[in-house]
Amino acid sequence: MYTDAEIIYKNVKKLEEGVYRVQGKRRTWEGLTDIQKLRFALIAAAEVLKIVKISDVVKAVGIKKIKTEDIIVAAGNAKKTLPDYRLVIMGEDPIENYSLLQNGVFTCCEFDNQ
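Residues numbered from 1 in each chain as written. Predicted model: local features only at pLDDT ≥ 70, side-chain atom pairs only at ≥ 80, totals over all residues. Heavy atoms only, no water.

Draft legend 1. Fine view of the side chain of T107. Along the polypeptide, T107 turns up in strand β5 (residues 104-107). Here T107 falls in the buried class, since its relative accessible area comes to 0%. For T107, the side chain forms a polar contact with the main-chain nitrogen of C109, separated by 3.0 Å. In this structure T107 touches K50, I51, D84, Y85, R86 and V88, once residues within four positions along its chain are discounted. (Helix = DSSP H or I, 4+ residues; strand = E, 2+ residues; numbered from the N terminus. Buried < 20%, exposed > 50% of the residue type's maximum accessible area, 1.4 Å probe, protein only. Polar contact = N/O pair within 3.5 Å; in protein donor to acceptor, adjacent residues only side chain to side chain. Contact = heavy atoms within 4.5 Å.)

Draft legend 2. Quick look at the environment of A44. On the secondary structure map, A44 appears in helix α2 (residues 34-46). A44 gets classed as buried once you look at its relative accessible area, which sits at 10%. Excluding residues that lie within four positions of it along the chain, A44 makes contacts with N11 and L15.

Draft legend 3. The environment of V19, seen in detail. Relative to the elements of secondary structure, V19 occurs in strand β1 (residues 19-22). In this structure V19 comes out as partly exposed when scored by relative accessible area, which is 48%. Dropping the residues within four chain positions of it, V19 is found in contact with R26 and R27.

Draft legend 4. The pairing of β5, seen in detail. Residues G104 and F106 line one face of β5 and the alternating positions V105 and T107 line the opposite face, and both faces are buried. The pairing of strand β3 (residues 51-53) with β5 spans three bridges and is antiparallel. Across the sheet, I51 pairs through a bridge with T107, a residue of β5. As judged from the four bridges shared by strand β4 (residues 86-89) and β5, these two strands associate in the antiparallel manner. When the sheet's bridge partners are listed, L87 is paired in β5 with F106. (Pairing = 2+ DSSP bridges.)

The following block contains the structure:
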């Protein structure tokens, strides 16, 4: 059995071979920005998993540093392709501070606020 991170990594490696249409231009994986790579990786991961950890996708893509705003933009763009999915921060204590990179998931599941 594979872990979610291994499944995401395998799907992202398949993406590296493709050619993508971005803003009307064809680009290879290396020609994409980090936000665009994250968008396509989120879509690919969501095709096989219902709950996609943002940290696993960022690690699989090979992004070293990313801003919270960039994660929100990439997830918003991925949501155009997958309208049932949304960005959620998973945390146990509502008083604590959470990082979207570490605690964020892209999911189509419903969760309780308790």
